[in-house]
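Spelled out, the chains give:
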Amino acid sequence: MNKSLSFIAISLLCFFSSCTQEYVCQCTINYTGNPPGLPEQQIVEFKIRDKKDEAAKLCEQNSTTSTKDGITMDEKCRLY
């Protein structure tokens, strides 16, 4: 009985943890505007460990656009 219960517990643990994986979120940052000497495009990556749909939502939440003093910073993030 204990072996059966242990086997079921381990099987359930493996089943539920298999849905959770490690994904890479890649954010591309671009600067635009009139002033010379703006930074070149930057790419930032970080890892997210979650289910694929949730990881994609968390990653895409980091996408932003902001403008200050005539310089626009556009950051687009997507899951790899």
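Residues numbered from 1 in each chain as written. Predicted model: local features only at pLDDT ≥ 70, side-chain atom pairs only at ≥ 80, totals over all residues. Heavy atoms only, no water.

Colleague: Any details on the pairing of strand E4 (residues 71-79)? Residues and values, ideally.
Modeller: Relative to E4, strand E1 (residues 21-33) is paired through nine bridges, and the arrangement is antiparallel. In the strand pairing of E4, Gln26 is matched with Arg78. Bridge count between strand E3 (residues 64-68) and E4: five bridges; the pairing is antiparallel. Counted as the bridge partner of Thr65 is Asp74 from E4. (Pairing = 2+ DSSP bridges. Helix = DSSP H or I, 4+ residues; strand = E, 2+ residues; numbered from the N terminus.)

Colleague: Tell me about the sheet that holds E1, residues and numbers included.
Modeller: One open sheet holds the four strands; their spatial order is E2-E1-E4-E3, and the pairing between them is antiparallel. At either end of the open sheet lies a strand with only one pairing partner, and these are strand E2 (42-50) and E3. Neighbour-to-neighbour, the strand axes of the sheet open up by a mean angle of 20°, direction not taken into account. Both E1 and E2 contribute to a ladder of nine bridges, which runs antiparallel. Residue Tyr23 lies in a different strand from E2, and its bridge partner there is Ile48. (Axes fitted to C-alpha atoms, helices over the stretch in contact; angles between N-to-C directions.)

Colleague: Talk me through the state of the cysteines; I want residue IDs and the actual numbers.
Modeller: The final tally for this structure, using the stated rule, is two disulfides. Each sulfur of the disulfide joining Cys25 and Cys59 lies 1.9 Å from the other. Handedness here is read from the sign of the S-S torsion; for Cys25 and Cys59, about 75°, the answer is right-handed. Here Cys59 lies in helix H2 (residues 52-60) and Cys25 lies in strand E1, a separation of 34 residues in the sequence. In this structure, Cys25 and Cys59 share a single accessibility class: buried. Across a sulfur-sulfur distance of 2.1 Å, Cys27 and Cys77 are joined as a disulfide pair. Across the S-S bond of Cys27 and Cys77 the torsion is about 110°, and the bridge reads as right-handed. (Disulfide = S-S within 2.5 Å. Buried < 20%, exposed > 50% of the residue type's maximum accessible area, 1.4 Å probe, protein only.)

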